Amino acid sequence: MSDATAHTVEHGEHEVGHAPAPPDRRNLLQRPGWVRAVMYGAISFGLATAFVTGLRSLGDLDPIWELDVLLTAWTVVVPLGFLTGLGVFSYWIYWVTGKPTLPDDHSGHGADSWKDYFKVNTDHKVIGVQYLITVFFFFVVGGLMAMFIRAELAEPGTQLIDPNAFNGFTSVHATLMIFLFVVPVFAGLGNYVIPIMIGATDMAFPRLNALSFWMLPIGGLIILSSFLLPGGAFSAGWTNYAPLATQQPDSNLMFQMGVQWAGASSIATALNFLVTIITMRAPGMTFWRMPLLCWANFTTSLLVVLATPFIAGSQFLLMFDRVLHTNFFEVAGGGYVVGYQHIFWFYSHPAVYIMLLPGFGIISEVLSVFARKPIFGYRLMALSLVAILFLGFSVWAHHMFVAGMAPWLRIPMMITTLLIAVPTGIKVFSWLATLWEGKIHFKTPMLWAVGFISMFVIGGLSGIFLGSVPIDQHASDTYFVVAHIHYVLYGGSVFTIFAGVYYWFPKMTGRMYNETLGKAHFWLTFIAFNVTFFAQHWVGLQGMPRRVADYDPVFADWNMVSSIGSFVLGASTLIFLYNMLVSWRSGEPAPSNPWRALTIEWQISSPPSKFNFDEIPQVVGGPYEYGVPGARHVVLNGSRTVETEKPEPATVGAEH
Amino acid sequence: MTSVAPTESDHGHAHGHGDHPPEQYYSSKVEPPILGIYLFLASEAMLFGSFFAAYFFARVAVPHEFWPPINPKTGHQFELPVFLALINTIILVTSSVTVHWAVTSLKRNYRAGLIAGLTLTSLLGLTFLLIQIREYMRIGFSPRDEAFGSTFYGLTGLHGAHVFMGLTFLSFALWRSMKGHYSPKHHVGLELPAIYWHFVDVMWIVVYVMVYVV
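Residues numbered from 1 in each chain as written. Chains lettered and ligands numbered in written order. Predicted model: local features only at pLDDT ≥ 70, side-chain atom pairs only at ≥ 80, totals over all residues. Heavy atoms only, no water.

Glancing now at the overall build of chain B. What chain B contains, in helices and strands, is five helices and zero strands. Ordered by position in the sequence, the α and β elements of chain B form the string α-α-α-α-α. Computed over its C-alpha atoms, the radius of gyration of chain B comes to 22 Å, more than 25% above the 17 Å expected for a compact globule of 214 residues. On the principal axes, the C-alpha backbone points of chain B span a range of 75 × 40 × 25 Å. Taken across its 214 residues, chain B has 52% of its residues classed as buried. Across chain B, the fraction of contacts at a sequence separation of at least 24, relative to all contacts at a separation of at least 6, is 74%. Both charge centroids of chain B, one from 12 positive and one from 13 negative side chains, sit 9 Å from each other. (Helix = DSSP H or I, 4+ residues; strand = E, 2+ residues; numbered from the N terminus. Rg over C-alpha atoms; globule rule 2.2 N^0.38 Å. Buried < 20%, exposed > 50% of the residue type's maximum accessible area, 1.4 Å probe, protein only. Contact = heavy atoms within 4.5 Å. Lys, Arg positive; Asp, Glu negative; His and termini not counted. Charge placed at Lys NZ, Arg CZ, Asp CG, Glu CD.)

With that settled, consider the overall build of chain A. On a plain count of helices and strands, chain A comes out with 20 helices and two strands. Against the 2.2 N^0.38 benchmark of 26 Å for 656 residues, chain A shows a C-alpha radius of gyration of 25 Å, consistent with a compact globule. Taking the principal axes of the C-alpha coordinates as reference, chain A spans close to 70 × 70 × 45 Å. In chain A, which comprises 656 residues, the proportion classed as buried is 61%.

Next up on the list: the environment of Phe-316 of chain A. Note on placement: Phe-316 of chain A falls in helix α10 (residues 292-323). Judged by its relative accessible area of 27%, Phe-316 of chain A is partly exposed. Taking C-alpha positions, Phe-316 of chain A is 8.5 Å from Met-257 of chain A, a pair spaced 59 residues apart along the chain. When sequence neighbours within four positions are dropped, the list of residues in contact with Phe-316 of chain A reads Gln-260 of chain A together with Leu-47 and Phe-51 of chain B.

All right, on to empty space enclosed by the protein then. All names here are of chain A. Going through the model one piece at a time under the given rule, you end up with four cavities of 30 Å³ or more. Quantified by volume, the largest cavity comes out at close to 220 Å³. Surrounding the largest cavity, 23 residues form its lining, Val-183, Ala-187, Ser-266, Val-304 and Ile-354 being those nearest its centre. Among the secondary structure elements, those contributing two or more residues to the lining of the largest cavity are α6 (163-197), α9 (252-279), α10 and α11 (338-354). If one sorts the elements of the lining of the largest cavity by residue count, α9 sits on top with seven residues. (1 Å grid on protein atoms, 1.4 Å probe; cavity = no way out; pocket = protein on both sides within 12 Å on 5 of 7 lines; lining within 4 Å. Points joined across faces, edges and corners; volume = space filled by probe spheres on them.)

Further remarks concern the packing of helix α1 (residues 32-60) of chain B against helix α4 (residues 146-178) of chain B. Residues and elements named next belong to chain B. At a minimum axis separation of 9 Å, α1 and α4 run at an interaxial angle of 165°. Judged by the inter-axis angle, α1 sits roughly antiparallel to α4. For the crossing formed where α1 meets α4, the hand is left-handed. When α1 is examined against α4, the residues Glu-44, Leu-47, Phe-48, Phe-51, Phe-52, Ala-54, Tyr-55 and Ala-58 are found in contact with a partner set consisting of Ala-147, Thr-151, Gly-154, Leu-155, Leu-158, His-159 and His-162. (Axes fitted to C-alpha atoms, helices over the stretch in contact; angles between N-to-C directions. Parallel < 35°, antiparallel > 145°, perpendicular 65-115°, else oblique. Left-handed = near helix turned anticlockwise from the far one by under 90°.)

Now for the packing of α6 of chain A against helix α12 (residues 357-371) of chain A. Residue and element names in this part refer to chain A. Taken N-terminus to C-terminus, the directions of α6 and α12 make an angle of 50°; their axes are 11 Å apart at the nearest point. Taken together, the axis directions place α6 and α12 in an arrangement best described as oblique. As for the relative orientation of α6 and α12, their crossing is left-handed in sense. Contact residues: α6 offers Phe-186, Leu-189 and Met-197, while α12 offers Pro-358, Gly-359, Ile-362 and Glu-365.

Our focus in this paragraph is unusual backbone geometry. In this model, Ala-242 of chain A is joined to Pro-243 of chain A through a cis peptide bond whose omega is 0°. Tracing the backbone shows Pro-243 of chain A in the loop between α7 (206-225) and α8 (244-247). Looking along the chain, the bond that leaves Trp-67 of chain B and enters Pro-68 of chain B is cis, with omega of 0°. In this structure, Pro-68 of chain B sits in the loop between α1 and α2 (82-107). With a phi angle near 50°, Asn-240 of chain A is a residue other than glycine that sits in the positive phi range. With relative accessibility at 0%, the residue Asn-240 of chain A sits in the buried group.

For the rest of this paragraph, the subject is the side chain of Ser-44 of chain A. Residue and element names in this part refer to chain A. Its location among the elements puts Ser-44 in helix α2 (residues 34-58). Under the relative-accessibility criterion, Ser-44 is labelled buried at 8%. Looking at Ser-44, its side chain comes within polar contact range of the main-chain oxygen of Tyr-40, at 2.6 Å. Setting aside chain neighbours within four positions, we find Ser-44 in contact with Val-77, Val-78 and Gly-81. (Polar contact = N/O pair within 3.5 Å; in protein donor to acceptor, adjacent residues only side chain to side chain.)

Here we come to the pattern of salt bridges. This model, assessed by the stated rule, comprises five salt bridges over all chains. Ionic pairing is found between Asp-116 of chain A and Lys-119 of chain A, a salt bridge with its closest N-O pair at 3.4 Å. Owing to a relative accessible area of 47%, Lys-119 of chain A belongs among the partly exposed residues under this scheme. Lys-73 of chain B is paired through a salt bridge with Asp-145 of chain B; the nearest N and O atoms lie 2.8 Å apart. With Lys-73 of chain B in the loop between α1 and α2 and Asp-145 of chain B in the loop between α3 (111-138) and α4, this pair connects stretches of sequence that are 72 residues apart. For Asp-145 of chain B, a relative accessible area of 8% gives the class buried. (Salt bridge = Lys/Arg side-chain N within 4 Å of Asp/Glu carboxyl O.)

With that settled, consider the packing of aromatic side chains. All told, the structure shown has 90 aromatic pairs over all chains when counted by the stated rule. Against the face of Trp-288 of chain A rests Arg-379 of chain A, its NZ or CZ located 4.4 Å from the ring centre. Positioned above the aromatic ring of Trp-175 of chain B, the side-chain terminus of Lys-179 of chain B is 4.7 Å from the ring centre. (Phe/Tyr/Trp six-rings, centres within 6.5 Å; stacked < 30°, edge-to-face > 60°. Lys NZ or Arg CZ within 6 Å of the ring centre and 35° of its normal.)

Attention now moves to the nonpolar core. Core analysis: the biggest nonpolar cluster contains 264 residues, and Leu-83, Phe-136, Phe-179, Phe-181, Trp-431 and Trp-504 of chain A have the highest contact counts within it. Ranked by residues supplied to this core, first place goes to α6 of chain A with 21 residues. (Core = buried A, V, L, I, M, F, W, Y, C linked by side-chain atoms within 4.5 Å.)

All names here are of chain A. On the surface, Leu-418, Val-457, Leu-461, Ile-464, Phe-465 and Ile-471 cluster together into a nonpolar patch covering about 450 Å² of accessible area. Element by element, the count of residues in the nonpolar patch is highest for helix α16 (residues 444-467), at four residues. Mapped onto the elements of the fold, Val-457 is located in helix α16. Judged by relative accessible area, Val-457 falls into the partly exposed class, the value being 33%. (Patch = residues over 30% accessible without salt bridge, like charges linked within 9 Å, V, L, I, M, F, W, Y side chains within 5 Å. Areas by Shrake-Rupley, 256 points an atom, 1.4 Å probe, with all protein chains shown as cover.)

What follows deals with helix α15 (residues 421-435) of chain A. Residues and elements named next belong to chain A. In this model, α15 (15 residues) spans 21 Å end to end at C-alpha, consistent with the 21 Å of a helix rising 1.5 Å per residue. If you check which residues of α15 are buried, you get Pro-423, Thr-424, Gly-425, Lys-427, Val-428, Ser-430, Trp-431, Thr-434 and Leu-435. Elements that come into contact with the buried residues of α15 comprise α12, α13 (378-392), α14 (410-419) and α16. (Expected span 1.5 Å × (residues − 1).)

Turning to α2 of chain B, a few remarks are in order. Here α2 of chain B contains 26 residues, and its C-alpha end-to-end distance of 38 Å stays within 8% of the 38 Å for a straight helix at 1.5 Å per residue. Among the residues trailing α2 of chain B, Asn-109 of chain B stands out with phi positive, at a value near 60°.

Following this line, the structure appears as C-alpha cells:
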C-alpha cells in the first residue's frame, strides 16, 4: 500500500481548496435540493409502507395495515429520505465510504439571497437565522393555540371547542413552545453569536450544525401533523404520562416521534457548542475571560448532552409499549408505571434550566452593556451556572410529590429544590448589583432585561411555594402551576429571548430595529402578560384545576380578565413581528457597534463578513470592563490598529 | 504530498478577500472529532441509563425473592442463558483487544496488522450478533412477556443495535483500510469507530452483569 493514496482522502477532512466547485450539471432530480428531497421522501414513504405491510403479511399478522406501526416507520424513514435528498448527508456518505470528498470551497457558507436560507448551509450565521425564523414560526403557531385555549376559558361551560380538542390544544401548545421554541431559540441565538464571541470562524462541526437545524422543523411538523390523524391531536399533555399516553389514539405517536427528532437536534447542537467552546477559543480567551453567554451555553449544553437521552429513552419505551405491546409501564404485566414519570422528569426538570440558563447569559450581556458597568461578581455568576447544572439533576421528583412515588423521596427532593434558590439568588442579586449606580440606558433590550428580572423573581417565588411538599399537595395540578410556569417560561425565558433578539438584531441584519415600536412591544407585553397570568395564582389556590375545558362559575371573572389579557398579549407579538420584518427590509443601517459593547461580535462589521474575521483576534482582557479606563477585551487584526470607534468597512450581503 | 495539518493549511494568509476563512486557532490539544465522540458517547451512556432505569424500577417494584418473576405462560421463573452470554462477553472483550491492535498497528505503519485486526474485530462482532439472535430464538419468551421480558429485550436489543452500528462503521473502516486509506499520522476515521466499539464493549459488560449475573 502506498502512503500517497492514504493521504489523498484525508484531505477532505480539512478545509483545503481554492477554486469554487464547478456548477452542478445534474438535473433537478439528481441534484441535492428540495426537488430531490421530496422525491426521496416519497420513495422512502413507499419503501417503509411496503416493508411494514410486507413483513406483517409474511408473519401472518392481522391486520396487515396497522396504523401505529406504519406511523412509526414513516416518521423515522421519510425524514431520513428527505434529509438525504436535501443533501444533508452527502459529505458524510462520501467520507465514510472513502470516496474522494469534494474539497470544501465554502460554497456552503454565507447567504446572498433569501433563497439561500432554504438550502443546506454550513455557515453558523446562516444556520442561526434559519433557527430563529423556524422557531418564531412555531412560536406563532403555539401562540394561536393559546388564543383558542383562552377563548374557550373566557366563560365557564364549553362554547368554542370540544373538550377533546381543548386537551389537544393545551398539549400541542406546550409541546411546541418547549421543544420547538424555547429550547431551540437559544440554539439559534447561540449559533449566531457564540463562535464570534470566542473568536472562531465557525462552529467545530459545520455539517453536523446543518443537520441539527434540519431535524428541528421535521420534529415540529410531525407534532403538528397529529391534528390530521383520527382522534385529533395527542391530548395527554406535553408530559404524556403512561398509561394515559398508551391508551390514546395513534396520534399520540406523533408526540413521541416528534420529540425524538427535536431531541436529536438539540443533542447534536449542544455537542457542537461544547466542542467549539473547548477547542476553538481565540488566543487569550481563557475560560475566565469568556462572556457569560458562552458560560451559559456551555453549562446548558452539558445539561442537554446528559439529560436529553432520558426523554428519548422515555419516549422509546412508551412507543414500544404502544407499538410492540411491551410491559415497561404496564402494571398488568409487572411494569412500574411511575417509572415513566421518573425517567421523563429526569430530563424535563433539567430542561427547565436548559430553557433558562442561556437566557441568564443573555441578561448578563445586556445588563452590563446598558448599565455601562462591569458585571457584578463575574466568577460567581459563572460558578452559579455550574452549581445549577449539578443541582438541576437532583430535583426531578419534585414534579411527582402527589404521583404516588416512594414517600421518603419527598424531603430530599424538597431540600435540593429549595437549594437551587441559592445559585439563582446569587444571579439575581448580582444583576441588581450590576445595575446599582450604573449609567442605565433604557433601550429596548434593557427594558426586557429588567422586566425579566422582576417577572423571574415572581416565578421563582411561586417555585419555592411549589417546591415545598405541603403547599404542592394543595396546589398541584391547579392554575397556580400554570401561573408559575408562565412566569418562569414567559416572563423568564421569553423575555430573555426578546432581549437577545433586539440586542443582536443590528448585528444579524445590519439594520437597526425601530426603537419606538420595540418599547411599545415591551410595555404592551409586560402589562398584558401580568393581566393574563397573575390572577391565575389566585384561582389556582382556590382550586381551579388545569387542563380542563370547563370550570366552576365562581372563577368566571378572573378567567375573563385572563382571556382579555391573553388577546392583548397575542396582539403585542404582532408589533414585534412587524418591527422585525420591516426593520430587516428597510431599517436604518446599523453601525458595527451601536451599543458600544466590548464583546468580540460588536468589534466586527454588521452583519459580519463571511468568515467573521480576517485574522483570529487576540483576547487581552475580561469582557465586561465598562467604565474601566484603558481596559480592553480584544485586539483585532494583530497589533496594527487599536480602533474601536472607526466603523469597519461594510461588507453587507454579497461579497464575491 | 502536502501536509494536511490544520495549522499548516496553505491558505492561511489569504486575508480580507472573504473567500477563505482565516486560519483557525485551536485552544485545546484534543482533536475536535475525538472530543465530539466522547461527548456523544456520554449521551449514549445516558440513553442506556434510561433503559436501565426502567429495568430497575420494574425490578425493585417486586420483593427480592420474586425476581426473576414467574412467566405466566410456562408457570416457571424466567431463566437467562448466563453461560452462553458469558461466552458472548468473552467474544466482545476479545474484539476490543483486536480493534486496539488494529489502531496501534496503523500507528506503527504495520498495515497487515491493521487489516487483520479490523477483519478479526468485524468477525467477532458478527459472531456476537449471531449468537444473540440464536439466544433470542431459543430463550422461550418474548418482549411482551411481563416487564421482565420487556426490559431484557429492551436492554439487550438497544445494545445489539449499537453492536450493529459499530459493525457497520468498522466494515467501512476495514474497506477503506484495504483501499490503502489512513496513515500513521491521520486516522481520525479509524479512531472514531474504534472508540465507539470500546464503548459498545464496556456497555455490554454492564448489561451482562446487571441483567444476567446480579
